[in-house]
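Here is what each chain is made of, one letter per residue.
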Amino acid sequence: MSIEQLAETAQAMVAAGKGIIAIDESTTTIAKRFEGVGIENTEENRRAYRELLLTTPKLSDYISGAILFDETLRQSTKDGVPFAKYMSDNGIIPGIKVDKGTHALAGCPGEVVTEGLDGLRDRLKEYYKLGARFAKWRAVITIGEDIPSGTCIEANAHALARYAALCQECGLVPMVEPEVLMDGDHNIEVCYEVTEAVLRSLFGALYEQNVLLEGTILKASMVIAGKDCEEQADVDEVAESTVMCLKSTVPAILPGVVFLSGGQTDEQSTAHLNAMNQLGNLPWPLSFSYGRAMQQAALKLWSQDLKGNFAKAQAVVYERAKENGLAALGKWEG
Ligand code: 13P
């Protein structure tokens, strides 16, 4: 696989005014989302729900790619078209979550490391054949008393870099995601310090493993106070802190940065992205790769009438894509 092809895919993922929809919830995570709205977690309901999202009319106006879970990449529309083919035919790049989730990090109480490197090369080769062109790996960093430890930050950065190098060898663009959780009562300054250390460690590890940044996308968490912090920063402070943190840690050669929503409300996630892009003078496109902030309103509506609300829920998906697409240009008006 040439670096030109990887770079081309990476650039297409962050094309102006477009972002990614993350629909890669594992079977256990989607179970929680379905349970929240009273939908039974069957394979057919998962398939039907992913069909709703992926076949939203004109989705590619604002969405460049979608991250799928293993099961979804192997499923098809009700008319029998494999989802990956449907996506490619409709201007949406297929992506795949390839990590195997977080596990307790030995020797580091309260911290986790993401697993999934064993056998990854073979899985990546298969995903490429199935049509995937980018792959996501999510590392999780928790802020708490005396954590994160340097050990946790480095172990996760190392795994992210190993996975990223394997992805590029197999022709997939790595979307490296070191998520600093919003759980906790830490303030925005603490989140800034932790995010800075995490990104520094990550880009050091990517360099050590010979990962080509021109063919890599960063999926970042925003610099924001913990959910339980009494002093919440306003939209401009989140935007300025996040951009400053990224500018001081992320090389300009990276094709783009996309954000996760991480538990922010729909409106917050869009307002923050918009405010960052309004700052201007950015070395990379800043866009979105939202899961909950793209889906939660549509899921709720669909759950009220699975057949009757199918098209209405798709209209909600389109609206959220449009709002976030405008925010990726700094043109969202609220
Ligand atoms: P949220 O936007 O719901 O945080 O999900 C994005 C994601 O892909 C997390 O890995």
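Up top is the structure these notes are about.
Residues numbered from 1 in each chain as written. Predicted model: local features only at pLDDT ≥ 70, side-chain atom pairs only at ≥ 80, totals over all residues. Heavy atoms only, no water.

Each strand in a sheet pairs with another by means of backbone hydrogen bonds, the pair being arranged parallel or else antiparallel. Taken together, the eight strands give a closed barrel; going around it, the order is E1-E2-E3-E6-E7-E8-E9-E10, and neighbouring strands pair in parallel fashion. The mean angle between the axes of side-by-side strands here comes to 25°, regardless of whether they run parallel or antiparallel. Bridge count between strand E7 (residues 173-180) and strand E8 (residues 217-220): two bridges; the pairing is parallel. Looking across to E8, one finds that Met175 is bridged to Ile217. Sheet contacts for helix H11 (residues 292-304): strand E1 (19-23), strand E2 (63-68) and strand E10 (286-290); angle to E10, the most-contacted strand, approximately 45°. (Pairing = 2+ DSSP bridges. Helix = DSSP H or I, 4+ residues; strand = E, 2+ residues; numbered from the N terminus. Axes fitted to C-alpha atoms, helices over the stretch in contact; angles between N-to-C directions. Contact = heavy atoms within 4.5 Å.)

Moving on, we come to the site of the ligand. Taken together, 13 residues are adjacent to the ligand, and Lys136, Lys219, Ser261, Gly262 and Arg292 come closest. The contact in question runs from an oxygen atom of the ligand to an N or O atom on the side chain of Glu177, over 3.0 Å. The fraction of the free accessible surface of the ligand (300 Å²) that becomes covered by protein chains is 92%. Elements represented by at least two residues in the shell around the ligand include exactly strand E6 (134-141) and E10. Residues that form the shell around the ligand fall into these classes: three nonpolar, four polar and six charged. (Near = heavy atom within 4 Å. Polar contact = N/O pair within 3.5 Å; in protein donor to acceptor, adjacent residues only side chain to side chain. Areas by Shrake-Rupley, 256 points an atom, 1.4 Å probe, with all protein chains shown as cover. Nonpolar A, V, L, I, M, F, W, Y, C, P; charged D, E, K, R; others polar.)

Relative to the helices and strands, Gln314 resides in helix H12 (residues 310-327). We classify Gln314 as buried; its relative accessible area is 8%. Among the polar contacts listed, one links the side chain of Gln314 to the side chain of Thr55, at a separation of 3.0 Å. Every residue in contact with Gln314, bar those within four places of it in the chain, is listed here: Glu51, Leu52, Thr55, Thr56 and Pro57. (Buried < 20%, exposed > 50% of the residue type's maximum accessible area, 1.4 Å probe, protein only.)

Bringing the nonpolar core into the picture now. Grouped together as the largest cluster of nonpolar side chains are 98 residues, with contacts concentrated most on Tyr163, Leu218, Leu246 and Phe259. Those residues in contact with Tyr163 that sit more than four places away from it in its chain are Val98, Leu117, Leu120, Ala135, Lys136, Trp137, Pro174, Met175 and Val176. Met13, Ile20, Ile67 and Ile93 belong to the second largest nonpolar core, which has 13 residues in total. (Core = buried A, V, L, I, M, F, W, Y, C linked by side-chain atoms within 4.5 Å.)

What follows is about the packing of helix H2 (residues 27-37) against helix H3 (residues 43-54). Close contact between H2 and H3 brings their axes to 12 Å; oriented N to C, the two are set at 80°. The pairing of H2 with H3 is recorded here as roughly perpendicular in orientation. Counting all contacts with H2, which are made through Thr27, Ile30 and Phe34, the residues of H3 involved are Asn45, Arg46, Tyr49 and Arg50. Class assignment for the residues of the contact of H2 with H3 results in three nonpolar, two polar and two charged. (Parallel < 35°, antiparallel > 145°, perpendicular 65-115°, else oblique.)

Another point: the pairing of E8. Burial along E8 is two-sided: Ile217 and Lys219 facing one way and Leu218 and Ala220 facing the other are all buried. Each parallel crossover has a hand, and the one from E7 via helix H8 (residues 188-208) to E8 is right-handed. Bridge analysis of E8 against strand E9 (residues 257-259) gives three bridges, and the strand direction is parallel. Of the residues in E9, the one forming a bridge with Ala220 is Phe259. (Right-handed = clockwise from strand over helix to strand, strands pointing away.)

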